[in-house]
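Structural description and commentary
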Number of protein chains: 2
Amino acid sequence: MTDPVVIVGGDAAGLSAASKLSREDPEREVIVFERGRWVSYAHCGEPYFVKGEVDTLDDLLSLSPAEIDERGIDLRREHEVVGVDTDAGTVAVEGADGSFEQPYGDLVVATGARARTGPIPGSELTGAFTIHGLDSAAAVRALLTPPAGFSVDDLGGEGYVDREMVARYGAMEPPETAAIVGGGYVGVEMAEALDAWDVDVHLFQRSELPIPTFGEAVGETVADHLRERGVDLHLGAEVDELIGEDGSVAGVRCGDGSTLKAELAVVGVGVAPNVEIVEDTPVELGDSGAIAVDEYGETAVEGVYAAGDCAEDRHVVTDEPAWIPLGLTANRAGRAIGQTLAGTPTETGGIAGTAVVKAFDEECGRAGIVDGEEAREAGFDPVSRTVTAGSRSGYYPGNEETTVTLVADRESGRLIGGSIVGKDRAAVRIDTVATALEGGLTVAEVEGLDLAYAPPFSPVWDPVLVAAKVLGGALER
Amino acid sequence: MTDPVVIVGGDAAGLSAASKLSREDPEREVIVFERGRWVSYAHCGEPYFVKGEVDTLDDLLSLSPAEIDERGIDLRREHEVVGVDTDAGTVAVEGADGSFEQPYGDLVVATGARARTGPIPGSELTGAFTIHGLDSAAAVRALLTPPAGFSVDDLGGEGYVDREMVARYGAMEPPETAAIVGGGYVGVEMAEALDAWDVDVHLFQRSELPIPTFGEAVGETVADHLRERGVDLHLGAEVDELIGEDGSVAGVRCGDGSTLKAELAVVGVGVAPNVEIVEDTPVELGDSGAIAVDEYGETAVEGVYAAGDCAEDRHVVTDEPAWIPLGLTANRAGRAIGQTLAGTPTETGGIAGTAVVKAFDEECGRAGIVDGEEAREAGFDPVSRTVTAGSRSGYYPGNEETTVTLVADRESGRLIGGSIVGKDRAAVRIDTVATALEGGLTVAEVEGLDLAYAPPFSPVWDPVLVAAKVLGGALER
């Protein structure tokens, strides 16, 4: 009898693989080891749970353990895989029921990523959080809620949530001031979430603009808008440490020596792939530090796959491996590997680095290569133009300024990236750019796209078309 | 000296050509003949002007005659071109200043289309309108406004509007019942517009569903929604005639003999290209009855171009000529011809038949070939699937059902069309389909698109991706 498929990690990639495999090949035994209690949850929903727009933790669960069980998946929560022996075809597991070796027929590494706290001392203090996991999201909301009105039960997540820890935060007085360290998309989303409570929000960002991967035009618009909405924005400000007092956060200290009093600190300075379990194996890491895989998600070791935030993928613009950990990528790669293991070889698909983020009323999107330096490193000669156009016909109510940047390679005329920001359904328009990147369209072809026009939805010339017209003109020179 | 470029028609295509040419080659003389008074107006905005969401007629003007003059364009309003002599290189013009022959160096035919009233007698009655032109839009709004509160001046459009006619309608008592004949997009938009006033709205549609070019799934959703919003929908109902009483509309009579009393009738049963001026010339018409052109918009006669609602274009899916008169197409083709005439040959670009329409709260979109019969006629073996998915993460407020149909060719697996309907930013998502069609993507490639995901904007699997997954599964069989 074949050894079971072993999947390490019970979130988007791991459970997508397990679900697809168990549906396509119900006979094949599948075991999923998850070191935590939470499985299959919507990481991206955490800021909205903290904000209170999403009621309970249960709302963020895609699948309950019971549903997973119904699919015939043997899910072992609180079981940590601490080592892999690819020669023996076993994983070493530590669980409440002791340590054991589990043989596998095929192995799927879906260990995800963890929030980095970088070189910032104090991240272990009470009141300091990374927003990576539902327990910390629950704790932040508990802290923000005045103790008189707080009950752990109101947050849901029964059987998962760390009640004791969350209750402790629920008993504390809410902070007057919150410091967010890091102005990436988690930082920006958390600014909106915290602002919904009665707290002064300070956002510290090392570079000169927030969400730098979205490019300058988006960053500038978002910076202005965050300030408009009352967020104290500290740009070009490196946080050196979180200041502690009796084991709790009392403030932050910046590189220039300045300090700010704050009773809540959220650190969102990026994530790192969880690759430790394969480090002493022939499984290879890519330049990014994440696990290198082929077009089917298979690693350098036959029968060992990797998917999700711990693995690289092929970038559709450069055709090179890239590590851009995002939800759709994890779901899709997991699903493809499940299908491959069920006997139908299926490519995991490329990534375009498409990302969207809501910053209060501003919708932001990006796809492909937006940064000039990154473009040059990838061998392109980038030409970029930014335009601001209407989101609807000028005479139609609700028309809002929409700023689009498009980037092309000068020699080939090919579109290599773009970004967008605006208040009126700007974010989904980035899908036009993502689709054009997948299709390998030139700027002239983008300019010729027959995009939707009707006064309530779009002007005659969609903002993406306006940008393509201007960039096309620049390329002709 | 070269004879001037003569442009026949002063709307989207004609003035786009004139503007581009005068910008790129200011020395070249350009004369635009427009038989009416209105120029460069937003036809698509008329329903929203009738509704009252757009205040004045002036809001719908893209360019005033003064602005056109500033661009160095010699615009002659109320000058009708009644004939073309391609051998002599002249057009016959009739204007207030008499009849004359105008020699041309190059000729651009941008005569547009007119509303058909088909075989429906009574369309000339007082209270019967087509919504094709700002005078009729003004008249409908005047009729809907109670006389006590009406003033022609409030509607704007000074120097253009037919004041006498509009004032006459303004003095009438508003109708109690309105009949809309034709459930295409104009009919559906007018239902929303008329419903905003104190009037019972009846919509008569010959086929079994409204907006049939959007396919069944969209038609069904729109039919349900129109009824929900109080529109009396008469499907499979052919209107035989408008009943008159003392020269005014008093009702409609259907093919089955049934009648409905109505004091306002809007006839929107399609448009026909205005090609009469070239009918006795070597300029050729296509199978559609519109003017046949090459990729630069040039007709069978050298130096004679056609653009906009009177001309065909190349369809990106079939690579064959097609006649789909829409605003973006007209603007783009006109602009390209202007550029070509200025010395830089520029293709007018293909069309994907992308269209979007708002039906009260439902946003509808379509692109490519949606209809099975049309697909078979074009040589495809169509396979189609329809799915309903969320517009946002299920837990995020504002998530709405979004129904997507995708159509592919069985043999090649290529996407050939799609449609969408839903209440939450559904319309702009059709741009993903339009872009995929231009890129010639297969369904597998669409399924692999890295589309935007963030809880406020889209679920992990965008509705278009869900549809591609299901259609991809069907193609494998």
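Residues numbered from 1 in each chain as written. Chains lettered and ligands numbered in written order. Predicted model: local features only at pLDDT ≥ 70, side-chain atom pairs only at ≥ 80, totals over all residues. Heavy atoms only, no water.

The following threshold applies: UniProt positions are given in the numbering used here, feature names are shortened, and annotations may be inferred rather than shown by experiment.
Identification of chain A as FAD-dependent oxidoreductase from Halobaculum saliterrae is taken from an unreviewed UniProt entry. The Cofactor (unreviewed entry) comment attached to chain A in UniProt states, word for word, "FAD". Under the heading Sequence similarities (unreviewed entry), UniProt records this for chain A: "Belongs to the class-III pyridine nucleotide-disulfide oxidoreductase family."

**Looking at the overall build of chain A**
The following threshold applies: Helix numbers and strand numbers start at the N terminus; a helix is a DSSP run of H or I with at least 4 residues, a strand a run of E with at least 2. Our radius of gyration is a C-alpha quantity, and the globule rule it is checked against amounts to 2.2 Å times the number of residues to the power 0.38. Relative accessibility thresholds used throughout: buried, under 20% of the residue-type maximum; exposed, over 50%; partly exposed, between the two (1.4 Å probe, protein chains only). Should any heavy atoms of two residues lie within 4.5 Å, those residues are considered in contact. For the accessible areas, the method is Shrake-Rupley and the probe is 1.4 Å, while residue cover comes only from the protein chains on display. Only four residue types enter the charge count, namely Lys and Arg as positive and Asp and Glu as negative; His and the chain termini do not. Lys charges are placed at NZ, Arg charges at CZ, Asp charges at CG and Glu charges at CD.
The helix and strand tally for chain A stands at 12 helices and 25 strands. Relative to the 2.2 N^0.38 estimate, which gives 23 Å for 477 residues, the radius of gyration of chain A is 23 Å and therefore close to what a compact globule would have. In terms of its C-alpha atoms, chain A occupies a principal-axis envelope of roughly 65 × 55 × 40 Å. Within chain A, the proportion of its 477 residues that are buried is 60%. Sequence-distant contacts in chain A: of pairs separated by 6 or more residues, those separated by 24 or more amount to 64%. Looking at chain A as shown, the accessible area adds up to about 18,100 Å², and 43% of this sits on carbon and sulfur atoms. With 34 positive and 86 negative side-chain charges, chain A shows a separation of 6 Å between the mean positions of the two kinds.

**Observations regarding the domain arrangement of chain A**
Residue and element names in this part refer to chain A. Basically, it comes down to this: An automatic or database domain assignment provides the domain bounds reported here. Here the buried area means the combined drop in accessible surface, using a 1.4 Å probe, for two parts upon being joined, counting both sides. Salt bridge criterion: a side-chain nitrogen from Lys or Arg within 4 Å of a carboxyl oxygen from Asp or Glu. The term polar contact refers here to a pair of N or O atoms within 3.5 Å; inside protein, the definition further demands a hydrogen-donor-capable atom paired with an acceptor-capable atom, and it admits residues adjacent in sequence only when both atoms are side-chain atoms. Three classes are used: nonpolar for Ala, Val, Leu, Ile, Met, Phe, Trp, Tyr, Cys and Pro, charged for Asp, Glu, Lys and Arg, and polar for all others, with Gly counted as polar.
Parsing chain A into structural domains produces domain 1 (5-36 + 78-113 + 272-341), domain 2 (128-269) and domain 3 (361-476). On a C-alpha basis, the centroid separation for the pair domain 2 and domain 3 is 32 Å. Counting from both sides, the interface comprises 11 residues of domain 2 and, opposite them, 13 residues of domain 3. In total, about 860 Å² of surface goes out of reach between domain 2 and domain 3, with carbon and sulfur atoms giving 65% of it. Connecting domain 2 to domain 3 are 1 salt bridge. The salt bridge partner of Asp361 is Arg229, with a shortest N-O separation of 3.0 Å. On the surface where domain 2 and domain 3 come into contact, there are 4 residue pairs in polar contact (both at pLDDT 80 or more). Counted by class, the side of domain 2 that touches domain 3 contains 5 nonpolar, 4 polar and 2 charged residues.

**Section: the packing of helix H1 (residues 12-24) of chain A against helix H8 (residues 327-341) of chain A**
All names here are of chain A. The condition is simple: Axis definition: a line fitted to C-alpha atoms, limited for helices to the stretch in contact. Angles are taken between N-to-C directions and run from 0 to 180 degrees. What makes a crossing left-handed is the near helix being turned counterclockwise from the far one by less than a right angle; a clockwise turn instead makes it right-handed.
It is at 7 Å that the axes of H1 and H8 come closest, and there the two elements cross at 35 degrees. Considering the relative orientation of H1 and H8, their crossing is right-handed. For the pair formed by H1 and H8, the contact residues are Ala12, Ala13, Ser16, Ala17, Lys20 and Leu21 on the first element and Ala330, Asn331, Gly334, Arg335, Gly338, Gln339 and Leu341 on the second. Counted by class, the contact of H1 with H8 contains 6 nonpolar, 5 polar and 2 charged residues.

**A look at the nonpolar core**
Selection rule: In this text, buried Ala, Val, Leu, Ile, Met, Phe, Trp, Tyr and Cys residues form a nonpolar core when linked through side-chain atoms within 4.5 Å.
One finds Leu194 of chain A together with Leu194 of chain B to be the most contacted residues of the largest nonpolar core, which totals 247 residues. Ignoring any residue separated from it by four or fewer positions in sequence, one finds Leu194 of chain B in contact with Val50, Val140, Leu144, Ala178, Ile180, Val199, Val201, Leu264 and Val266 of chain B.

**Some details on the sheet that holds strand E6 (residues 98-103) of chain A**
Residues and elements named next belong to chain A. This is how the line gets drawn: Whether two strands pair comes down to DSSP finding at least two bridges between them.
Taken in spatial order, the 3 strands line up as E4-E5-E6 in an open sheet, and their pairing is antiparallel. The strands lining the two open edges of the sheet, one partner per strand, are strand E4 (79-85) and E6. When the angles between neighbouring strand axes are averaged without regard to direction, this sheet yields 25 degrees. Sheet analysis places E4 next to strand E5 (residues 90-95), joined by 6 bridges and oriented antiparallel. Its bridge partner lying in E5, Glu80 is registered against Glu94.

**Section: the pairing of strand E11 (residues 200-205) of chain A**
Residue and element names in this part refer to chain A. Just so we agree on the cut-off: When the strands point away from the viewer, a crossover counts as right-handed if the path from the first strand over the helix to the second runs clockwise.
Buried residues dominate E11, accounting for 5 of its 6 residues. The sheet contact formed by strand E10 (residues 177-181) and E11 spans 5 bridges and is parallel. Directly across from Ile180, in E11, lies its bridge partner Leu203. Each parallel crossover has a hand, and the one from E10 via helix H6 (residues 185-195) to E11 is right-handed. Sheet topology places E11 next to strand E12 (residues 232-235); 4 bridges connect them, and they run parallel. Its bridge partner lying in E12, Gln205 is registered against Leu235.

**Overview of the UniProt feature "domain: FAD/NAD(P)-binding" (unreviewed entry) in chain A**
If you check UniProt for "domain: FAD/NAD(P)-binding" (unreviewed entry), the listed places come out as residues 5-313 of chain A in our numbering. What you have in residues 5-313 of chain A is 22% helix and 27% strand, and the ends, taken at the C-alpha atoms, are 22 Å apart.

**What to know about the packing of aromatic side chains**
For clarity, the cut-off: Pairing of aromatic side chains requires ring centres within 6.5 Å, counting the rings of Phe and Tyr and the six-membered ring of Trp. Pairs whose planes differ by under 30 degrees are stacked, by over 60 edge-to-face, and all others tilted. To sit over a ring, a charge needs its Lys NZ or Arg CZ within 6 Å of the ring centre and within 35 degrees of the ring normal.
Summed over the entire model, instances satisfying the criterion amount to 8 aromatic pairs over all chains. With 5.0 Å between their ring centres and 85 degrees between their planes, Tyr48 of chain A and Tyr396 of chain B make a pair best called edge-to-face. Taken together, the positions of Tyr48 of chain A in helix H2 (residues 46-51) and Tyr396 of chain B in the loop between strand E23 (382-390) and strand E24 (401-409) put the pair across two chains. An identical accessibility class is assigned to Tyr48 of chain A and Tyr396 of chain B; each is buried. The residue whose ring lies beneath Arg77 of chain A is Tyr160 of chain A, and the NZ or CZ to ring-centre distance is 4.7 Å. When the ring centre of Phe49 of chain B is taken as reference, the NZ or CZ atom of Arg141 of chain B above it lies at 4.3 Å.

**Digging into the interface of chain A and chain B**
Between chain A and chain B, the contact holds 55 residues from the first and 55 residues from the second. Together, the buried faces of chain A and chain B total about 5,100 Å²; carbon and sulfur atoms form 64% of this surface. One salt bridge connects Glu363 of chain A with Arg425 of chain B, and the closest N-O pair in it is separated by 2.7 Å. Put simply, chain A and chain B have 21 residue pairs in polar contact (both at pLDDT 80 or more) between them. Of all the secondary structure elements, the ones that give two or more residues to the side of chain A that touches chain B are H8, strand E21 (355-359), helix H10 (430-438), helix H11 (443-447) and helix H12 (463-476) of chain A. Here the side of chain A that touches chain B takes 7 residues from H10 of chain A, the largest share from any one element. Classifying every residue of the side of chain A that touches chain B gives 30 nonpolar, 10 polar and 15 charged.

**Describing the pattern of salt bridges**
When the charged atoms of two side chains lie near each other, side chains of opposite charge can form a pair. Tallied over the entire structure, the rule returns 44 salt bridges over all chains. One salt bridge in this structure joins Glu276 of chain A and Arg114 of chain A, with 3.0 Å as the shortest N-O distance. Note that Glu276 of chain A is positioned in the loop between strand E17 (271-273) and strand E18 (304-306) and Arg114 of chain A in strand E8 (residues 113-115), a separation of 162 residues in sequence. Here Glu276 of chain A falls in the partly exposed class, since its relative accessible area comes to 41%. Of the residues examined, Arg114 of chain A reaches a relative accessible area of 34% and is grouped as partly exposed. Of the charged contacts in the structure, one is a salt bridge between Arg76 of chain B and Asp74 of chain B, with a shortest N-O distance of 2.9 Å. Salt bridges linked by common partners bring Lys51, Glu53, Glu192 and Lys358 of chain A together as one network.

**Topic: helix H7 (residues 216-228) of chain B**
As a reminder of what qualifies: One fewer than the residue count of a helix, multiplied by 1.5 Å, yields its expected span.
When the terminal C-alpha atoms of H7 of chain B are compared, their 18 Å separation across 13 residues agrees well with the 18 Å that a helix rising 1.5 Å per residue should span. Gly230 of chain B sits one or two positions beyond H7 of chain B and adopts a positive phi of about 90 degrees.

**Description of helix H5 (residues 163-170) of chain A**
Since one α-helical turn is 3.6 residues long, residues separated by three or four positions face the same way. Residues and elements named next belong to chain A. Put simply, the rule reads: The directions from the helix axis to the C-beta atoms form the arc being described.
All of the buried residues in H5 are Met165, Val166, Tyr169 and Gly170. One face of H5 carries all of its buried residues, which in axial projection span an arc of 140 degrees. Where the residues of H5 are buried, they touch strand E9 (128-129) and helix H4 (134-144).

**Describing a negative patch on the surface**
Residues and elements named next belong to chain A. Applied cut-off: Residues forming no salt bridge and having over 30% relative accessible area are the ones grouped into patches, like charges within 9 Å of each other and nonpolar side chains (Val, Leu, Ile, Met, Phe, Trp, Tyr) within 5 Å.
Residues Glu176, Asp198, Asp200, Asp232 and Glu263 make up a contiguous surface patch of negative charge. Take Glu176: it is sitting in the loop between H5 and E10. Judged by relative accessible area, which is 62%, Glu176 ranks as exposed.

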